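Analysis of the macromolecular model
Here are the chains, one letter per residue:
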Amino acid sequence: MSKPFPIYRQLDQMDCGPTCLRMIAKYYGKHYSLQTLRESSYITREGVNLKGISEAAGKIGFRTLGVRLTFEQLDEEATLPCILHWKQNHFVVLVPQNYDRNKKNGKILIADPAHGMVKVSKETFLKLWISTEDKCGIALFMEPAPIFYDTEDEKKDKKGFSFLFRYLKPYKKYISQLFLGMFVGSILSLIAPFLTQSLVDYGINRQNMGFITLMLVSQLALFFGTTAIEMIRGWLLLHMSTRINISIISDFLIKLMKLPIRFFDTKMLGDITQRISDHTRIEQFLTSTSLNTLFSLVNLVVFSVVLGIYSGPILAVFIMGSGLSIGWILFFLKKRRELNYARFQQMSDNQNSLFEIITGMQDIKMSGSETTYRWGWERIQAKLFKISVKSLSLAQYQSIGSTFFTQLKNILASYIAAREVLNGQITLGMMLSVSYIIGQMNSPIEQLLTFFQSAQDAKISLERLSEIHLRDDEEKENELTPDEELELAEDKGLVLENVSFQYAGPTSPMVLNNINLTIPFGKVTAIVGASGSGKTTLMKLLLKFYEPVNGKIYLGSTPLGIVSARWWRQHCGVVMADGYIFSNTIAQNISVQEETDRQKLLSAVKMANIESFINEMPLGFSTKIGNTGNGISSGQRQRILIARAIYKEPKFIFLDEATSTLDANNEKVIIQNLEQFFNDRTVVVIAHRLSTVKHADQIVVMENGKIVELGDHKSLTALKGKYYELVKNQLELGN
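What comes next concerns the included structure. (Residues numbered from 1 in each chain as written. Predicted model: local features only at pLDDT ≥ 70, side-chain atom pairs only at ≥ 80, totals over all residues. Heavy atoms only, no water.)

Quick look at the packing of aromatic side chains now. Per the stated rule, a full pass over the model turns up 19 aromatic pairs. A ring pair is formed by Phe 404 and Phe 405, whose centres lie 5.4 Å apart and whose planes are at 70°; its orientation type is edge-to-face. An aromatic cluster is defined as three or more aromatic residues linked by ring pairs; in this entry it consists of Phe 5, Tyr 27, Tyr 28, Phe 62, Phe 148 and Tyr 149. Looking at Arg 681, its charged tip hangs above the ring of Phe 677, at a distance of 4.0 Å from the centre. (Phe/Tyr/Trp six-rings, centres within 6.5 Å; stacked < 30°, edge-to-face > 60°. Lys NZ or Arg CZ within 6 Å of the ring centre and 35° of its normal.)

In structure tokens, the structure reads:
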């Protein structure tokens, strides 16, 4: 290769496409964050496709061409680097290289976002790249256009270790105490070799029992003092590490809760939970590893000076042996990093698989697919086992090499010390002191080696966490938070002007297409239509879960896009079809707050017609429900969600199939109660049942993402169009 090809690793399971593009952009001299390329390629939970990568590449100034070709054509025509579709579900980069396809056993270089730079044989390459029966594979050719060099790339904005060390600032007092303990401990440790020397040279050689007894008492005092200092240091580190761990995870959760809903649409549960596990490694690095290593290094410097005073040659042997041990460990760090990334991906898959099995157990049993899902989980365990074996082998290589150099160093040091005793350069007591000093110095070297590994782990974890911390919050600084009393023009409502939306990139289907609609304030608007017509998506846009791809939404005269999402949702009561029941008491499931207003709670429960169910429970409102509490039926679940929306006493109410699982009697009572509650409130209802929508002031009929009819029940029934078709069976209108 003419120049080294930059390697970036994918942070999540679905990041391979944007990561390949990031590597190629860096090869041509431009830096772009993974997040920018993710957004530009319209990543989803299923990853990206070649069109999405091409779109992102075009935005940063590349000319692209997607092709299907043979290996020979790829070898002759490809401009490298290019992106290859790999193993039917992955993307890699074919990097610039001097490859002779006629050379036997020639290796092809591939930059794989999951594994780094790898070399594969032609046979393996064809097996992983060929995707069609005509022996062709798919590639995306890329060349930088002039605009690529004219466009400014992004500044590197990476949270380094300085971001982590700020967590130590509140504990300056404890750290100063640790340093004081370190200083005292070092002095005590420094006394020990001189006591040993004195014991041999003056006590034993001169057969002075009183002096030997004095040395024994001194060594015991030294031992108890060192132990006390270690106990205090251990307690301080435990105290600091526990608090720091809580602070780091708390900040992560705060940031996570500030992110827009769309972020969670593209993240697997395992990816997020694995990041939380990463915090433990960071906390350990910040506290015990870093501080212990610092203390050990101080001891290392002190004992090195003493050892140099005793014998320069022995110190030189120690430095050379330690240098070889450290070099041996550092030699394997790159491979260790690759295994770390691979483990993260597989652990994420493992978390997702277990979550899916546990939450979907009912359907797994109903389908008789226990074996299928168990085998799927076992395949992940097999991959984890292979990674664990590789990690163990690597650890053994590191340990064997490090031990070899350490033992060799000790043997040579003992030989030199013995020779110097015979030559009369040092005494026997000094030789024993040298042995003690080398033993004390080996421990800091071992901790230094552990530090390098922990620092690498922390750096990798920090990269994954930075990807979350560097994302933009949902709330923007300049967003409006109108006064408590909404100043809304009487002749306006929630207004949608030419609103269109699609979940993925420009080539994905339009879920909403050019919607023009006014939802009047203080009225009930019902949205009906077949499944997949865009009803729920429209509601999510009104709730600011997503931003329209085209068009505008207005709250009165104010663009909804510049209104604070948090403020807006505080004024909205919502019942979604997939609303969540928390593992908590009934009261807190309704209020979803730390403190519950008893009067509002009773009113909401009565309106949702769930009083009798709660009264039957042994602990009433204090009964725990949800994942770890009592199970509830789908009808009871819906009524709790309705009570939750009512409890807020909102100005705007959004109901998505809020009564779909209720029996006729419950539905009738709740609808009657809600009609009274709806007075002077703006209501948007999505429903299939006629009983829910027939009294609405305005009914919107949707089909394929468009509004096809608009009116009230009477006018739409008389029209005998789509609305009539939807409800005729319920009303038995006939033809």
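Take helix H8 (residues 172–204) next. With 33 residues, H8 extends 47 Å between its outermost C-alpha atoms, agreeing within 8% with the 48 Å of an ideal straight helix rising 1.5 Å per residue. Approximately 25° is the largest bend angle found in H8, and it occurs at Ser 198. (Helix = DSSP H or I, 4+ residues; strand = E, 2+ residues; numbered from the N terminus. Expected span 1.5 Å × (residues − 1). Bend = angle between axes of the 7 residues up to and from the residue.)

On the basis of which strands lie adjacent, the open sheet formed by six strands has the order E12-E15-E16-E9-E17-E18 and mixed pairing. The open sheet has two edge strands, strand E12 (572–575) and strand E18 (706–711), and neither has a second partner. Taken pair by pair, the neighbouring strands of this sheet meet at an average axis angle of 15°, ignoring direction. Bridge analysis of E12 against strand E15 (residues 652–656) gives four bridges, and the strand direction is parallel. By the bridge assignment for E15, Cys 572 is matched with Phe 652. Against the sheet, helix H17 (residues 535–542) contacts strand E9 (524–529), E15, strand E16 (682–686) and strand E17 (698–703), and its axis sits at roughly 155° relative to E15. (Pairing = 2+ DSSP bridges. Axes fitted to C-alpha atoms, helices over the stretch in contact; angles between N-to-C directions. Contact = heavy atoms within 4.5 Å.)

The next point concerns unusual backbone geometry. Glycine aside, negative phi is the norm for most residues, and most peptide bonds take the trans geometry. A cis amide bond links Leu 80 with the next residue in sequence, Pro 81, at an omega value of 5°. A positive phi angle, close to 55°, is found at Asn 609, a residue other than glycine. Classification of Asn 609 as partly exposed rests on a relative accessible area of 26%. (Buried < 20%, exposed > 50% of the residue type's maximum accessible area, 1.4 Å probe, protein only.)

All buried positions along helix H20 (residues 598–607) are accounted for by Leu 601, Ala 604, Val 605 and Met 607. Across the axial projection of H20, the buried residues extend over an arc of 165°, all falling on one side. In H20, the exposed residues that point more than 90 degrees away from the buried face are Gln 599 and Lys 606. Buried-residue contacts for H20 involve helix H19 (586–591), helix H21 (611–616), helix H22 (634–647) and helix H23 (664–677). Between the side-chain oxygen of the N-cap and the backbone nitrogen of Gln 599 there are 3.0 Å, and the N-cap of H20 in question is Asp 597. In the stretch just after H20, Asn 609 is the one whose phi turns positive, near 55°. (Arc of directions from axis to C-beta. Polar contact = N/O pair within 3.5 Å; in protein donor to acceptor, adjacent residues only side chain to side chain.)

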